[in-house]
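# Structural overview
Below are the chains, spelled out letter by letter.
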Amino acid sequence: MTPLPKVSTLLALILPITAIKNPILPGWNPDPSILHLNNEYYLTTSSFEYFPGLPIYKSTDLTNWTLHSHALTRPSQLALYGTPTGGGKTTPHPSPTHNTNLDPKNKGTWAPTLSYINNTFYIATMTRWTYDPVAKVWPRITWISSPDLETWSDPIWAEPWGIDPSLFQDPVSGDVYLNLMAPDSKETGIWGIYQCQVDLGTGKCIDEYRSLWNGTMLHDVSARPEGPKMFVRGEWYYLLIAEGILPFPISLKYIWFEGVGVRCVYEYVYMLI
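Residues numbered from 1 in each chain as written. Predicted model: local features only at pLDDT ≥ 70, side-chain atom pairs only at ≥ 80, totals over all residues. Heavy atoms only, no water.

## A word on the overall build of the protein chain
When you go through the protein chain residue by residue, the secondary structure sums to 1 helix and 16 strands. By residue count, 47% of the 273 residues in the protein chain fall in the buried class. Across the protein chain, the fraction of contacts at a sequence separation of at least 24, relative to all contacts at a separation of at least 6, is 44%. Split by element, the accessible area of the protein chain, about 13,800 Å² in all, is 58% carbon and sulfur. (Helix = DSSP H or I, 4+ residues; strand = E, 2+ residues; numbered from the N terminus. Buried < 20%, exposed > 50% of the residue type's maximum accessible area, 1.4 Å probe, protein only. Contact = heavy atoms within 4.5 Å. Areas by Shrake-Rupley, 256 points an atom, 1.4 Å probe, with all protein chains shown as cover.)

This is the structure in structure tokens:
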């Protein structure tokens, strides 16, 4: 099996040979997701409990960006049930050095991914409601759709629950898959990368919900394989994930996997960082 070329080579093939001055977006724009379509780039970021939410920026050169619209503009699109604001107290973090009481922003809508499927824009994201012993709905995955990046639908709630969702359309079959980070069960809480083919109109899985990868670390509650992104080059399907470990500080690395066919067994290729 021949691995992908070095990351520097890939970037040289994808990006124009011009200097990019950082930051490309100043201020608070976490978790960026970029979509390239028809010689233009579109970017969205996490917005958590702030409203309007999920800002969408537009660029032709990856350097100069303008705010195009917001995806979340109606209360029906952003569920904030039980979400504290300001310095609201939250469930203690497992690390004694990480004070969640002073970090109330891990709620609302975050970790978005932009996609373009069947002439329609999609943003898959997660809504983190506060921990609730009655509702038991944390964390939930949703996606919204738009024909023009300006008029966005109400959310479709995905059947699987987890975080870091992304929608991937198989260019061969046209089928759409949801990739996400999720636990193997509520009892054990061991996280991994999961996938199922989904119905975009209902959020339901329409084939097997299965594990793609459990990470390179010990398969226990400290492992954090996350942020799955899938793409195709030639006959190969590639899965890119991030991986860290708790408690904080996180040790982070990015890993390539490759295989033939979207439902294949992915083979570890190499670590980027």
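The rest of the description comes next.
## Some points on the environment of Tyr 177
Positionally, Tyr 177 belongs in strand E10 (residues 176–183). Along the backbone, Tyr 177 and Cys 196 are 19 residues apart, and their C-alpha atoms lie at a distance of 5.5 Å.

## Side note on the UniProt feature "active site" (unreviewed entry) in the protein chain
Those places that UniProt annotates as "active site" (unreviewed entry) correspond, in this numbering, to Asp 31 and Glu 226. The annotated residues occupy 196 residues of the chain but converge on a single region, no pair of C-alpha atoms lying more than 12.7 Å apart. Relative to the helices and strands, Asp 31 resides in the loop between helix H1 (7–14) and strand E1 (33–37). Given the relative accessible area of 35%, Asp 31 is considered partly exposed. Ignoring sequence-local partners within four residues, the contact set of Asp 31 consists of Thr 44, Thr 45, Ser 46, Phe 48, Trp 110, Ala 111 and Pro 112. At a separation of 2.6 Å, a polar atom in the side chain of Asp 31 contacts the side chain of Ser 46. Here Glu 226 lies in strand E13 (residues 223–233). Look past the residues within four positions of Glu 226 in its chain and what remains in contact with it is Asp 164, Met 181, Ile 193, Ile 241 and Ala 242. (UniProt positions renumbered as here; feature names shortened; annotations may be inferred. Polar contact = N/O pair within 3.5 Å; in protein donor to acceptor, adjacent residues only side chain to side chain.)

## Some details on the pattern of salt bridges
All told, the structure shown has 2 salt bridges when counted by the stated rule. Taking the shortest distance from any N to any O, the salt bridge between Lys 58 and Glu 40 comes out at 3.6 Å. In this pair, Lys 58 is assigned in strand E3 (residues 53–59) and Glu 40 in strand E2 (residues 40–44), connecting sequence segments 18 residues apart. Its salt-bridge partner being Arg 74, residue Asp 154 comes within 2.8 Å of it at the nearest N-O pair. Here Asp 154 is found in the loop between strand E7 (140–146) and strand E8 (156–161), whereas its partner Arg 74 is found in the loop between strand E4 (66–72) and strand E5 (108–117), with 80 residues between them in sequence. (Salt bridge = Lys/Arg side-chain N within 4 Å of Asp/Glu carboxyl O.)

## Re the packing of aromatic side chains
Across all of its chains, the model carries 8 aromatic pairs by this definition. Judged by centre distance (5.8 Å) and plane angle (70°), the ring pair of Tyr 42 and Phe 121 falls under edge-to-face. Note that Tyr 42 is positioned in strand E2 and Phe 121 in strand E6 (residues 120–128), a separation of 79 residues in sequence. Residue Phe 121 is classed as buried on the basis of its relative accessible area of 6%. (Phe/Tyr/Trp six-rings, centres within 6.5 Å; stacked < 30°, edge-to-face > 60°.)

## Quick notes on the state of the cysteines
What the rule picks out here adds up to 1 disulfide. With its sulfur 2.2 Å from that of its partner, Cys 196 forms a disulfide with Cys 205. With the S-S dihedral at roughly -70°, the linkage between Cys 196 and Cys 205 falls on the left-handed side. (Disulfide = S-S within 2.5 Å.)

## A word on the sheet that holds strand E9 (residues 163–169)
The strand order E9-E10-E11-E12 describes an open sheet built from 4 strands, whose pairing is antiparallel. Across the chains shown, the open sheet's two edge strands, defined by having one partner strand only, are E9 and strand E12 (210–213). Sheet twist, expressed as the average angle between the axes of neighbouring strands with direction ignored, equals 30°. Of the strand pairs in this sheet, E9 and E10 are connected by 5 bridges, and their pairing is antiparallel. In the sheet register, Ile 163 faces E10, and the bridge partner there is Met 181. (Pairing = 2+ DSSP bridges. Axes fitted to C-alpha atoms, helices over the stretch in contact; angles between N-to-C directions.)

## Quick word on the side chain of Thr 113
On the secondary structure map, Thr 113 appears in strand E5. A distance of 3.0 Å separates a polar atom in the side chain of Thr 113 from the backbone oxygen of Pro 165. In this structure, Thr 113 is in contact with Ser 33, Tyr 122, Ile 123, Ala 124, Pro 165, Ser 166 and Lys 229, ignoring residues within four places of it in sequence.

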